[in-house]
Amino acid sequence: MDNAPCTYTVTSAQNIYIADNTPSTYTVDNSPSTHIADNTPSNSSTDHIPSTSTTDNALPSTTDSVSGPSSTNYVPNTSISDSTPRPSPIDSTPSSSISDHAPNTPISESAPSTSTIDGALNAASNSSTASVHFETSHGKKWSATESGDIKQKPGGKQSKIALPNAAEKGKVRSLALSPMNKHPNVSDIQTRSATISWKLHCSEKCDHTKSPVTFELAISNSGKNGKYKNVYVGDGVIFTLLDLQPSMAYFIRITTIRSSAHRNMSEVVSFTTPGCEPDPPLAPRLINRSKSSLNLQWKGSNDNGSKINSFLLEWDEGKSEGFKSCYMGTMKQHKILKLNASTKYSFRLAAKNNFGLSDFSEIAVFHTSGTMPPTPPPPKLKEAGICNLSLEWCAPPNPNPNDSLTYVLEMEEAGSGLGFKPKYNGEDLSCTIRNLQRSTTYKFRIFVYNLEGRSNPSGEVKYTTYPDKPGSPKTPYIKGKIYANRVKIGWEPPKDNGGTYISSYSLEVSENSDENSWNIIYNGTTKEFLYNHLQPGTTYKLRVFCTSPIGQSQPSDILTIQTPTLSPASCHPPPLNGEAKTKETNIKCGEAGNVVGVGPFGETGIVTTPATVPAVVPMLHEVVNKVPAKLASSCIAIQWEEPDCHGSPITGYNIEYGDRKILSVERVTECILKNLQPDTTYKIRIQAINHYGLSPFSQSIRTKTKPLPLDPPHLDCVVYRHQSLKLKWGNSSSKGLHSNLISYNLLIGDRSGRFSIIYHGPCQTHKVHRLSEYTEYKFKIQACNEAGEGPLSGIYTFTTTRTPPPTLKAPKLQHVNSNICEIKWESLEPIKGDPIVYNLQLISQKGTDLIYKGPNTSFSFSNFVTNAHYRFKVCAGRQYQNSAGTQELWGPYSPSVLFSTHKQHPRPGKGGGGKAGKMSDDTFVLILVIGFALVAILCAVIIQYFLIN
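Note that the coordinates shown come from a computational prediction; the quantities given were computed from them, not determined experimentally.

1. Remarks on the overall build of the protein chain
What the protein chain contains, in helices and strands, is 2 helices and 61 strands. In the protein chain, which comprises 949 residues, the proportion classed as buried is 40%. On the protein chain, roughly 52600 Å² of surface is accessible, and the fraction owed to carbon and sulfur atoms is 51%.

2. Observations regarding unusual backbone geometry
A positive phi is found at Asn 304, a non-glycine position, where the angle reads about 55°. Locating Asn 304 in the fold gives a position in the loop between strand S14 (294–297) and strand S15 (310–316). Take Asn 304: its relative accessible area is 1%, and that puts it in the buried class. One non-glycine residue with positive phi stands out, namely Met 619, at about 55°. Looking at the element boundaries, Met 619 is found in the loop between strand S37 (605–607) and strand S38 (621–622).

3. Looking at the environment of Pro 379
Structurally, the position occupied by Pro 379 is in the loop between strand S20 (364–367) and strand S21 (380–384). Among the residues examined, Pro 379 registers a relative accessible area of 1% and is labelled buried. Placed 30 residues apart in sequence, Pro 379 and Leu 409 show a C-alpha to C-alpha distance of 8.6 Å. With residues up to four places along the chain from it excluded, the contact list for Pro 379 reads Leu 391, Glu 392, Trp 393, Leu 409, Phe 444, Arg 445, Ile 446, Ser 458, Val 461 and Tyr 463.

4. Brief notes about the sheet that holds strand S22 (residues 389–392)
What the 3 strands build is an open sheet, ordered S21-S22-S25; its pairing is antiparallel. Two strands lie at the open edges of the sheet, namely S21 and strand S25 (430–433), each paired on one side alone. If you compare each strand with its neighbour and ignore which way they point, the axes differ by 25° on average. Note: S22 against S25, 4 bridges, orientation antiparallel.

5. A closer look at helix H2 (residues 921–948)
An α-helix turns once every 3.6 residues. As a result, residues three or four positions apart point the same way. Compared with the 40 Å implied by 1.5 Å per residue over 28 residues, the 41 Å span of H2 between its first and last C-alpha is a close match. Where burial is concerned, little of H2 is hidden: 0 out of the 28 residues are buried.

Cut-off values and rules
- Per chain, residue numbering runs from 1 following the sequence as it is written.
- Reporting of local features is limited, given that this is a predicted model, to residues whose pLDDT is at least 70; pairs of side-chain atoms are given and counted only at 80 or more, and all residues count toward the totals for whole chains, interfaces and linings.
- In computing side-chain values, all of the structure's heavy atoms are included and hydrogens and water are not.
- By definition, any uninterrupted DSSP run of H or I lasting at least four residues is a helix, any uninterrupted run of E lasting at least two residues is a strand, and each is numbered from the N terminus.
- Per-residue accessibility, obtained with a 1.4 Å probe over protein chains only, is compared with the maximum for each type, and a residue is labelled buried under 20%, exposed over 50%, and partly exposed between these values.
- Shrake-Rupley sampling with a 1.4 Å probe provides the accessible areas, and residues are treated as covered by the protein chains on show and by no other component.
- Here, residues are in contact when the closest pair of their heavy atoms is within 4.5 Å.
- Two strands form a pair only when DSSP identifies at least two bridges running between them.
- Geometry is summarised by axes, namely lines fitted to C-alpha atoms with helices restricted to the contacting stretch, and by angles between N-to-C directions that run from 0 to 180 degrees.
- Expected span, for any helix, means 1.5 Å times one less than how many residues it has.

Function cannot be read off these values alone, since they describe shape.
Structural data, given as structure tokens:
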């Protein structure tokens with residue numbers, strides 16, 4: 001049938017539709033049917049008279065009046081369609097029609113039926129923006145809008161219809177869609193949902209039971225020719241679309257599938273969701289503040305089809321009055337004045353367009369400025385223990401009564417040179433510091449924080465932990481020989497003195513193995529005792545304990561001795577020759593002895609030697625932690641014991657150090673050498689001075705000054721992640737023997753601008769975890785050595801990356817038919833509003849190819865050959881916007897899935913004469929391994945046999 005270009009205008013009491021028909025020709029295998037209309041010719045004016053049409057068996061239908069019911073569910077909200085022209089894939093009986101200005105004139109198959117349009121328009125909603133459009137299979141648009149007037153489309157022509165000839169006779173051989181079902185119907189269009197329905201109308205020759213029908217509903221929001229995504233596959237005839245965007249044009253089409261070779265696609269229908277109030281905007285942000293004002297700024301949100309014409313800013317003053325309006329207007333910035341200093345205020349924001357007011361944003365809380373807290377008093381000691389110190393402090397006068405104060409207690413071990421470290425951060429007025437060293441002095445100071453910043457530090461105070469009881473001394477031992485009536489006992493101090501000095505030692509004895517009775521025979525500071533007046537041939541048990549200012553130790557292990565039997569009488573005291581001078585010496589005669597043993601000493605004589613220079617200075621050593629950390633690079637503290645004066649008092653000392661420099665000091669036992677070079681080793685020795693001259697130099701010691709504080713190293717970020725940053729500093733190639741003496745403090749800043757230590761140690765790399773994605777972080781670094789902490793570096797700023805999509809599971813394969821394989825994979829939710837797209841990769845003998853990229857989660861693969869292996873894997877990508885435009889961040893690929901097109905050949909039966917199949921590679925390798933194993937066993941047996949024989 002050849003249709004000349006024509007224009008139809010049909011008007012009912014309620015609706016109008018306009019149709020432009022293009023010339024079209026249909027070829028069918030059936031006797032032609034002709035619509036007979038009782039109306040006037042198309043080139044003349046007509047009255048609005050109802051008419052009927054009759055067809056010849058091919059498409060039996062009778063069209064009644066406009067108000068007649070339709071067999072399809074139609075839209076309560078009208079829809080818009082802009083589809084791609086597609087030729088009709090179905091052979092059907094043509095029908096001819098002549099359009100008259102009647103409410104229900106039958107129309108040729110190249111346009112939708114009148115009853116379809118009327119049904120759609122009678123159910124149209126009252127929305128002023130919604131409309132429905134659909135295209136014929138030849139690309140001409142039909143449209144329907146609500147109106148009460150009759151209008152003819154400009155340039156329209158009346159139809160000229162040619163009837164089919166006799167050569168077109170035949171029978172219907174395939175399914176035919178009636179004009180009513182050439183396009184899906186859209187109904188119940190809401191801002192975020194719509195209902196799609198369709199209906200299949202078959203010819204008389206169609207058998208539904210032998211040819212089941214499946215429908216595919218596809219949707220696109222990127223234009224008529226854009227990407228379509230299947231949202232429904234099944235045998236139903238109605239589906240509700242959810243999660244649509246307001247004021248968005250969508251395009252839908254229905255594909256009817258009867259078999260793998262018979263797929264019919266409907267015309268494309270478009271519809272537009274109505275607009276609504278805007279999305280809730282983001283919370284306002286603070287751009288400036290003072291003691292009496294807050295300056296806020298915000299951004300607009302998605303307007304949902306109607307331009308935002310104003311914003312509503314509400315605030316809560318904290319007076320239990322709730323939120324109230326403080327600004328209504330088109331500006332995106334507002335300054336609130338006449339506020340109280342250091343006070344909390346809450347704000348929320350809403351946007352308004354022609355449809356109404358949006359929901360409110362999240363609540364944002366801001367504080368007006370105040371003043372920094374004053375310097376607090378130093379902390380006081382509440383209680384001291386062996387390994388802990390409990391401190392308390394008073395709150396300073398707070399000029400901002402609405403502020404909450406935070407206290408930071410810092411501690412430094414006195415003389416350590418490591419500087420102050422934070423030990424407590426909170427709002428309490430007391431704190432207990434645990435895991436301290438016993439009998440150690442610590443320095444403390446405290447800071448006070450509020451929203452405005454940090455106060456000056458308090459004065460420094462020193463508190464010392466208590467020492468502990470000393471440990472048990474070692475088992476006493478015998479010094480020299482055991483005699484019948486005396487023995488010298490010695491002992492060593494305990495390994496653990498409890499953190500303080502030992503004030504005395506006590507030696508206990510138990511006679512005749514009576515361990516329940518112990519008597520103290522010595523108490524003093526020396527570590528040996530001559531035990532006299534013993535009984536010959538007697539057993540004694542001895543033990544020792546020590547005492548400190550804290551308490552008494554446990555006794556040592558027991559030493560058991562036995563005195564020998566009686567010895568001969570003692571000899572007379574020896575005579576003295578010469579004069580006694582200066583110093584007295586006790587002299588005893590030689591001992592007499594026999595077989596039994598040695599006798600006692602005789603009486604004592606006294607002789608005196610002359611005076612001379614002092615003895616050598618003993619126990620010269622460096623005093624650790626005597627010099628303040630700031631002076632440790634140029635000073636060394638030494639200490640010694642006063643030597644024997646040899647009969648003349650000591651008047652001073654000479655100290656030799658460096659390049660034979662001599663420093664003379666008075667009669668002291670310690671000295672600080674000053675003005676030394678940093679990080680330099682010095683050889684030091686000392687001599688004593690008295691009236692008779694200089695003593696020999698003492699044994700020299702070697703000690704080294706500490707280096708100067710180090711400058712901060714350069715800080716770099718070597719690995720950026722979405723939840724971590726790996727930082728590196730210093731020069732790894734410069735690691736030397738003393739690198740273990742250098743440590744580093746890495747600090748991170750918080751939102752208030754306060755920096756805290758997150759790493760302290762000798763490493764030159766550190767990975768900062770538990771960060772937020774695409775967030776800027778600020779760092780500082782300082783180096784520490786024996787001289788203490790160096791200066792802090794400037795601020796380094798590094799930003800984490802965006803979070804990549806996770807790894808997907810392996811895609812799933814579904815054989816649609818012998819020529820099509822459908823690959824499906826899991827869907828991911830958008831990441832913080834960023835859409836997700838997917839890459840599908842094909843791995844074959846030809847290499848690796850990207851066969852799909854887009855937002856869909858399935859793909860139909862048909863370009864494959866037989867007897868081949870294919871592998872598919874998929875990865876997800878995150879699309880985001882920056883100054884350079886749209887960027888993509890891809891996650892890792894999923895595990896691959898195998899798709900094989902090898903055909904399975906049937907094995908020959910018992911009587912078959914077919915050849916056996918070829919051996920597989922796995923079977924061949926297995927046989928080869930078994931063969932080698934058997935040969936090895938056989939060789940081993942033969943070798944064993946010959947060795948035995």
